[in-house]
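Next come the chains, spelled out residue by residue.
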Amino acid sequence: MDDLISEVIGKKILALGNEAIARGALEGRVDVVTAYPGTPSTEIGDTFARIAQKVGVYFEWSVNEKVALEVAIGAAMSGLRCMTFMKQVGLNVAADALMTYCYIGHRGAHVIVSADDPSCHSSQNEQDNRLFARFANLPMLEPSSPNEAKEMTRYALDISEELEQPVMLRTTTRICHTRGVLELNKIDIREEHRKTEFIKEKYRFTKIPALAWEAHTRVLDVMDQARRISEKCPFTTTEEINGIDESHTDAHDRSDASRDASASSKIQDGFFTDESADSGEKIGIITSGVSYGHLKEALESLKINARVMKIGMTNPLPDASIANFLKSCNKVIMVEEVEPYLEEQVKIIAKDNDLTIPILGKADGHFPRIFEYSIDIVRRGIISALGLEMETKSDNALNVGEMELPRRPPTLCPGCPHRASFYVSRKINKDHGIYSSDIGCYSLGLLPPLRAADVWVCMGASSGLACGFSESTDQPILAFVGDSTFFHSGLSGLINAVHHNHRFVYVILDNSTTAMTGHQPHPGIPRNSFDEIAPAVDIKKIVEALGITFIEEVNPLDLEKTEEVFRRAMDHQSVSVIIAKEPCTLLKLREMKARGQRVVPYNVDLNECKKCMKCINTLACPAFYIRNEDIRINPSMCSGCGVCAQICSFDAISQEGEAVL
Amino acid sequence: MKINIYLAGIGGQGILTAAQVLGRVAVDNGVNVLVNETHGMAQRGGVVTCNVRYGDVFSPLIPEGEADVLTAFEPVEALRSIKIANENTYFIVNTARIYPFTVSLGQEKYPPMEYLMEKIKKISRRVVFLDASELAREAGNEICTNMVLVGGIFALGVLPFDKDQFITTLERVLPPKIFKVNLEAFLNGNKFVRDEMAPKE
Ligand code: SF4
Ligand code: SF4
């Protein structure tokens, strides 16, 4: 039995932050869930793909984030309870719908999850979508733990219903990908997902320009109402943290005892002595999200007393509560990741209340504006803000001297068909070609020796960028796009290329899946989010319909044929399309295993190998290794794609190893 | 109480599973826990790290220098994560090496084993090196390398649960088909580390 759909109230389970959000949506009686996969949000959908049908919820992996949002908007306008989730940059894609949606609202409930990625663990930027919430007039909650993520998702649906306004749940990677203990509340298990009737109401959802100002007035009223909710939000808390209180120290801390002792004596030499506590030095700290956990432990280890306000609803802010908090402190430190979102607003609140206490944070350089936070970073920030003279623990960190460790960058899997496509592209165009890339596993084509990614910006951009290169240079141009990304947003750039007669080769790397995020389906394959048969949209037919005069489908693992196709495409006088079609190796291996088939690995004949290094220097399949100058293939890593054998000039590589599973 | 277990290795080594079971045993025994995982790029041969934190913890990440146990699924990864350790940290290090492709392709050098062992021993006296992959093979399947290392952690006596509590959890979470071999691997690792630690402590 899947714990996430357990009906045992009060049961404690261990769950990932993303699973907690899924459970919270169930506890909030969600009807419709939509998304496009994107790290760090994807597991919310992997969870729904597994459970939605068992609990009577409609779920889909939509074609992109904008459509995902729109599907849920339709359902919310019909009166259903909805959730849409996406990674932070996904909200950029959905923004057009979002901005006006916030003007007009809905009749059901709708939580929009934005999973931000400070430190860019798996993203091209670390944008702080809290600014989006403000921009769009979108009420927002920020969880500080997995259990809170669950509770807030439920709460977000409720206030969304009350306000008839979408509500954002803004999480970050370290909430999404942390497992914590959840305490379960009630869920309703239904046979099938709920349906309702869309009720017509004149001009309710059709804001013609003459009425749009009315909608603007509406959203401002909604935000006033939301501010009242924010003042009472149960997730906003104020507490005294007594770092000086020794009672928390226990046996286990002994190993750290010597270090702790030296730290605390230094504090006493510095700013925060007992006298200053007596003289009424009251330090306030305002925080939100995952920083709250870091902060609590930082204060504890620094042995500092402070009053901490954790804000759960961060748009709109509870102005009055914040003003009261500020009045109770002599100085305030702001602890929040990325943008000074709270800091700037708190400064305005202070000004409006004629408060002149110092508000210390990013503006004066105590806290960084880049990267995610940790206990260490928060500790350093507090030390800096309070002007303490002490070393941080991490400065004491072990002195292990210089170490030269080999890096371990991620790379395309052994046998990945993208490697073959990139190999051929480079063989023909070398450094002269411009390689316009996109977002997916194939972004890894960046790495040497393939170096087949000069630019990538955002989902679907490779075709649009290639249009620009085609007008700005006479170099050969190749644009790469994955199948899922093509459907997401690659098509418009290609249409543009046809109409304006831009010239480049558009290579659709069709591996029949959304590989990077863990193999979710997309409209091009005949399976839906639940792995049921579904109508597939044919990429080739779409491209043909655009009137493109060069369209070839080729299996990239056949190098000779692929090279021939690429050469003809490069010579073509207008935009040309190559569909490099071969399933993702991981999928292929999984299917082989399911059928009980075995891979027969390739093998280097050491007698024939002339050690020319061509395979290593041009293909660099990670199944290769060098031992005592000999070039070998690790049979347990080789997927049997055969590309290396086609490259070898001396026929030294062949498929004659023993079959391995 | 705060107990910090750090796991470091490479995608595909079963680190996330190890971390999950280490988390689950806490829930089964009423102990608070936070388990942070690396997802994303990790699948493509990149580094994977997990933070398992028990007790009065609020941050999902172990501060620098505060790991009670550093479990390295691969020797170089022990050194790469060294900042998380202090001189009292227990090190459990799998000696089975996995070369990054940059090394197998001759673009970078993999440090000699002796160098790696030296460096680690210089930091802490509480170090156990073991060929976890071999111990897993002996148990029946190399895939269970992760359970060998978890078994090792349970031999250190730093966790607020004992071996039997863990086995109960393991039986609960694993399908019966693979429970046996995982248990075997766990016991192999547990015995090996216990024997290693015995004379020194
Ligand atoms: S997951 Fe699939 S698409 Fe991605 S690198 Fe591996 S083989 Fe290539
Ligand atoms: S056949 Fe060659 S290129 Fe393909 S996976 Fe095996 S070693 Fe790598």
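These numbers come from a predicted model, not from an experiment.

### Some points on the overall build of chain A
For chain A, the count of helices and strands is 22 helices and 23 strands. The C-alpha atoms of chain A give 28 Å as radius of gyration, which agrees with the globular expectation for 661 residues (26 Å, within 12%). Each of the three principal axes of chain A carries a C-alpha extent, and together these read 85 × 70 × 55 Å. Residues counted as buried form 58% of the 661 residues belonging to chain A. A sequence separation of at least 24 residues applies to 78% of the contacts in chain A between residues at least 6 apart. Carbon and sulfur atoms make up 50% of the accessible area of chain A, which totals about 26800 Å². A distance of 3 Å separates the average location of the 71 positive side-chain charges in chain A from that of its 91 negative side-chain charges.

### Some details on the site of ligand 2
In the region of ligand 2, 13 residues are neighbours, and Cys621, Cys638, Cys641, Gly642 and Cys644 of chain A sit closest. Taken together, the residues of the shell around ligand 2 sort by class into 9 nonpolar, 4 polar and no charged.

### Notes on the nonpolar core
Within the largest apolar cluster, 74 residues are counted, with the highest numbers of intra-cluster contacts made by Phe504, Tyr506, Val543, Phe624, Ile633 and Ile653 of chain A. If sequence neighbours within four positions are ignored, Ile653 of chain A has contacts with Tyr602, Asn603, Val604, Phe624, Ile633, Cys644, Ala645 and Cys648 of chain A. Counting residues in each nonpolar core, the second largest holds 51 residues, with Leu7, Cys144, Phe161 and Phe166 of chain B among its members.

### What about the site of ligand 1?
All residues adjacent to ligand 1 are Leu412, Cys413, Cys416, His418, Cys441, Asn511, Ala515, Cys584, Thr585 and Leu586 of chain A together with Arg44 of chain B. Neighbouring residues of ligand 1 are distributed over chains A and B. Residues that form the shell around ligand 1 fall into these classes: 7 nonpolar, 3 polar and 1 charged.

### Considering the environment of Gly365 of chain A
Residue and element names in this part refer to chain A. Along the chain, Gly365 falls in the loop between strand 14 (359–360) and helix 14 (375–386). Judged by its relative accessible area of 55%, Gly365 falls in the exposed class. Here the alpha-carbon distance between Gly365 and Ala385, two residues 20 residues apart in the chain, equals 8.7 Å.

### Describing the sheet that holds strand 2 (residues 32–35) of chain A
Residue and element names in this part refer to chain A. Spatial ordering of the open sheet is given by 3-2-4-5-7-6-12, a layout of 7 strands whose pairing is mixed. A strand with exactly one partner marks an edge of an open sheet, and here the two such strands are strand 3 (58–61) and strand 12 (313–315). With 6 bridges joining them, strand 5 (residues 109–116) and strand 7 (residues 167–172) adopt parallel strand pairing. Looking across to strand 7, one finds that Ser114 is bridged to Arg170. Sitting on the sheet, helix 3 (residues 65–77) touches strand 2, strand 3, strand 4 (81–87) and strand 5, and the angle it makes with strand 4 is about 170°.

### Observations regarding the state of the cysteines
Residues and elements named next belong to chain A. Going through the model one piece at a time under the given rule, you end up with 0 disulfides over all chains. Free cysteine Cys467: the closest other cysteine sulfur is in Cys458, separated by 13 Å. For Cys612, which is in no disulfide, the shortest distance to another cysteine sulfur is to Cys648 and amounts to 6.2 Å.

### Quick word on the interface of chain B and chain A
Counting from both sides, the interface comprises 59 residues of chain B and, opposite them, 61 residues of chain A. Buried surface at the junction of chain B and chain A, both sides included, amounts to about 5300 Å², of which 58% is carbon and sulfur. On the chain B side of the contact with chain A, Arg44, Phe101 and Leu105 of chain B bury the most area, a combined 15% of that side's loss. In this structure, the connection of chain B to chain A is made through 8 salt bridges. Residue Lys2 of chain B pairs with Glu300 of chain A through a salt bridge whose shortest N-O separation is 2.8 Å. Linking chain B with chain A are 20 residue pairs in polar contact (both at pLDDT 80 or more). At the level of elements, strand 1 (2–10), helix 1 (15–28), strand 2 (33–37), strand 3 (47–55), helix 2 (75–80), helix 3 (101–104) and helix 4 (113–123) of chain B are the ones that each hand at least two residues to the side of chain B that touches chain A. Of all the elements, strand 2 of chain B adds the most residues to the side of chain B that touches chain A, at 5 residues. Class assignment of the residues belonging to the side of chain B that touches chain A gives a composition of 28 nonpolar, 16 polar and 15 charged.

### Topic: the sheet that holds strand 4 (residues 69–72) of chain B
An order of 1(A)-8(A)-2(B)-3(B)-1(B)-4(B)-5(B)-6(B) is seen for the 8 strands of this open sheet, with the pairing classed as mixed. In the strand order of this sheet, the two ends are held by strand 1 (12–16) of chain A together with strand 6 (127–130) of chain B, each with one partner. Across this sheet, the average inter-strand angle for adjacent strands is 15°, counted without regard to direction. Examined bridge by bridge, strand 1 of chain B and strand 4 of chain B share 4 bridges and lie parallel to one another. Bridge assignment links Leu7 of chain B to a residue of strand 4 of chain B, and that residue is Thr71 of chain B. In the packing of helix 1 of chain B onto the sheet, the strands contacted are strand 1 and strand 8 (178–183) of chain A together with strand 1, strand 2 and strand 3 of chain B, and the crossing angle to strand 3 of chain B comes to about 10°. Along the sheet, helix 6 (residues 145–154) of chain B makes contact with strand 1, strand 4, strand 5 (90–94) and strand 6 of chain B, crossing strand 5 of chain B at roughly 160°.

### Points about the domain arrangement of chain A
When the parts of a complex come together, some accessible area is lost, and that lost area is often used as the size of the interface. All names here are of chain A. Segmenting chain A into domains produces domain 1 (3–231), domain 2 (237–246 + 265–394), domain 3 (417–592) and domain 4 (598–655). Spacing between the C-alpha centres of domain 3 and domain 4 amounts to 27 Å. When domain 3 packs against domain 4, the two sides together hide about 1000 Å² of surface, and 69% of this comes from carbon and sulfur. Put simply, domain 3 and domain 4 have 3 residue pairs in polar contact (both at pLDDT 80 or more) between them. Every element with two or more residues in the side of domain 3 that touches domain 4 is listed here: helix 15 (417–429), helix 19 (559–571) and helix 20 (585–594).

### What to know about the pairing of strand 10 (residues 283–287) of chain A
In regular strands, side chains alternate between the two faces of the sheet. Residues and elements named next belong to chain A. Among the 5 residues that make up strand 10, 5 are buried, leaving the element largely enclosed by the rest of the structure. With burial as the criterion, each face of strand 10 is covered, one bearing Ile283, Ile285 and Thr287 and the other bearing Gly284 and Ile286. Summarising the sheet, strand 10 and strand 13 (residues 331–335) pair through 5 bridges and their orientation is parallel. Bridge pairing in strand 13 places Ile286 opposite Met334. In this sheet, strand 11 (residues 305–310) lies alongside strand 10 in parallel orientation, the contact comprising 4 bridges. Its bridge partner lying in strand 11, Ile285 is registered against Val308.

### As for the side chain of Gln127 of chain A
Residues and elements named next belong to chain A. With respect to the helices and strands, the residue Gln127 is situated in the loop between strand 5 and helix 5 (130–136). Among the polar contacts made by the side chain of Gln127, one reaches the side chain of Asn92 at a distance of 2.8 Å. Apart from residues no more than four positions distant in its own chain, Gln127 is found in contact with Gln88, Val89, Asn92, Asp116 and Phe132.

Conventions and cut-offs
Residues numbered from 1 in each chain as written. Chains lettered and ligands numbered in written order. Predicted model: local features only at pLDDT ≥ 70, side-chain atom pairs only at ≥ 80, totals over all residues. Heavy atoms only, no water. Helix = DSSP H or I, 4+ residues; strand = E, 2+ residues; numbered from the N terminus. Rg over C-alpha atoms; globule rule 2.2 N^0.38 Å. Buried < 20%, exposed > 50% of the residue type's maximum accessible area, 1.4 Å probe, protein only. Contact = heavy atoms within 4.5 Å. Areas by Shrake-Rupley, 256 points an atom, 1.4 Å probe, with all protein chains shown as cover. Lys, Arg positive; Asp, Glu negative; His and termini not counted. Charge placed at Lys NZ, Arg CZ, Asp CG, Glu CD. Near = heavy atom within 4 Å. Nonpolar A, V, L, I, M, F, W, Y, C, P; charged D, E, K, R; others polar. Core = buried A, V, L, I, M, F, W, Y, C linked by side-chain atoms within 4.5 Å. Pairing = 2+ DSSP bridges. Axes fitted to C-alpha atoms, helices over the stretch in contact; angles between N-to-C directions. Disulfide = S-S within 2.5 Å. Buried area = accessible area lost by both parts, 1.4 Å probe. Salt bridge = Lys/Arg side-chain N within 4 Å of Asp/Glu carboxyl O. Polar contact = N/O pair within 3.5 Å; in protein donor to acceptor, adjacent residues only side chain to side chain. Domains from an automatic or database assignment.

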